[in-house]
Amino acid sequence: MTGGGSGGSGYQSGDTRMIIPYGTAGGYNAYARRVASYIEEHLPGDHSVNPDNVQGAGGRKATNTTYTAEADGHTQMIVNINSFTSQQLVFDTQYDVTDMTYFAQVANSPQAIAVSAESDIQSWSDFVQAGQNGVLVFAGEGRGSTSSLLGKVIGEITGDYDHENQNTVQFD
């Protein structure tokens with residue numbers, strides 16, 4: 001969970017907007033709606049938490065909305081932390097995640113890279129060589145999704161291969 005900006009005058013009462021950066025189907029929607037009901041039960045004062053699906057650009061649209069919201073604690077967003085942070089490394093974003101407040105972990109979902117057992121890639125060295133030869137293909141839910149960014153981020157961080165030569169194939 002994250003909130004826009006910093007500061008604010010304390011959380012008293014009023015409606016809270018819970019931004020969900022994806023559509024109504026899927027895990028983050030379910031997480032956010034469950035967390036929203038928990039927040040309503042446990043925060044003092046008279047308020048409601050209203051889930052709002054703001055999908056687009058792999059979550060960047062929702063992050064921009066949260067980032068530019070008034071810094072009063074009444075706009076929050078549930079995030080895929082890997083996508084949330086890596087998008088700023090790969091894309092020209094309108095926000096800076098270091099200016100946002102990360103205040104609760106809702107789930108733990110590690111990331112991994114897998115290939116077909118029939119692939120020539122059997123080790124990290126094989127993977128790096130494939131990347132240097134420009135033959136890496138990643139599948140992802142869409143441009144900007146965690147799975148589509150994973151190869152780019154690893155290439156950029158390690159410097160082992162040119163992440164610009166990676167192909168990403170979107171699946172439905």
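Residues numbered from 1 in each chain as written. Predicted model: local features only at pLDDT ≥ 70, side-chain atom pairs only at ≥ 80, totals over all residues. Heavy atoms only, no water.

S.K.: In this structure, what is going on with the overall build of the chain? I would like to understand it.
M.R.: Looking only at helices and strands, one finds five helices and seven strands in the chain. Mapped in sequence order, the helices and strands of the chain form the string β-β-α-β-α-β-α-β-α-β-α-β. Within the span of the chain, comprising 172 residues, buried residues form 38% of the whole. When contacts within the chain are restricted to residue pairs at least 6 apart in sequence, those whose partners lie at least 24 apart make up 75%. Accessible area of the chain: about 9700 Å², with a carbon and sulfur share of 48%. (Helix = DSSP H or I, 4+ residues; strand = E, 2+ residues; numbered from the N terminus. Buried < 20%, exposed > 50% of the residue type's maximum accessible area, 1.4 Å probe, protein only. Contact = heavy atoms within 4.5 Å. Areas by Shrake-Rupley, 256 points an atom, 1.4 Å probe, with all protein chains shown as cover.)

S.K.: What is the right way to read a negative patch on the surface from this model?
M.R.: A contiguous patch of negative charge on the surface is contributed by Asp 15, Glu 40, Glu 41 and Asp 46. Turning to its location among the elements, Asp 15 is positioned in the loop between strand S1 (2-3) and strand S2 (16-20). (Patch = residues over 30% accessible without salt bridge, like charges linked within 9 Å, V, L, I, M, F, W, Y side chains within 5 Å. Salt bridge = Lys/Arg side-chain N within 4 Å of Asp/Glu carboxyl O. Lys, Arg positive; Asp, Glu negative; His and termini not counted. Charge placed at Lys NZ, Arg CZ, Asp CG, Glu CD.)

S.K.: Looking at this structure, I do not really get the environment of Asp 126. What am I missing?
M.R.: By the element assignment, Asp 126 lies in helix H4 (residues 124-132). Residue classification places Asp 126 among the partly exposed positions, given a relative accessible area of 29%. Those residues in contact with Asp 126, other than ones at most four positions away along the chain, are Asp 120 and Ile 121.

S.K.: How should I be thinking about unusual backbone geometry in this particular structure?
M.R.: Across residues other than glycine, the phi torsion is negative in most instances, and most of the peptide bonds are trans. Notably, Ala 57 is not glycine yet its phi reads approximately 60°, a positive angle. Turning to its location among the elements, Ala 57 is positioned in the loop between strand S3 (49-53) and helix H2 (60-67).

S.K.: I keep staring at the pairing of S2 and nothing clicks. Help me out?
M.R.: Look at any regular strand and the pattern is simple: side chains alternate between the two faces of the sheet. Counting buried positions along S2 gives four out of five residues, so the element sits mostly inside the fold. A crossover connection joins S2 to the parallel S3 through helix H1 (residues 27-42); in handedness this β-α-β unit is right-handed. The pairing of S2 with strand S4 (residues 75-77) spans three bridges and is classified as parallel. By the bridge assignment, Met 18 is partnered in S4 with Gln 76. (Right-handed = clockwise from strand over helix to strand, strands pointing away. Pairing = 2+ DSSP bridges.)

S.K.: Can you walk me through a nonpolar patch on the surface in this structure?
M.R.: Together, Ile 113, Val 115 and Trp 124 make up a nonpolar patch on the protein surface, roughly 260 Å² of accessible area in all. With respect to the element layout, Val 115 can be found in the loop between strand S5 (101-102) and H4.

S.K.: Help me understand the pairing of S3, please; the structure alone is not making it clear to me.
M.R.: When S2 meets S3, the two strands line up parallel, connected through five bridges. Bridge pairing in S3 links Ile 20 to Asn 53.

S.K.: What's the story with the environment of Gly 134 in this structure? I'm lost.
M.R.: Turning to its location among the elements, Gly 134 is positioned in the loop between H4 and strand S6 (137-140). A relative accessible area of 27% places Gly 134 in the partly exposed class. Residues Gly 134 and Gln 166 lie 32 residues apart in sequence; the distance between their C-alpha atoms is 6.3 Å.

Everything listed is a geometric property; what it means functionally is a separate question.
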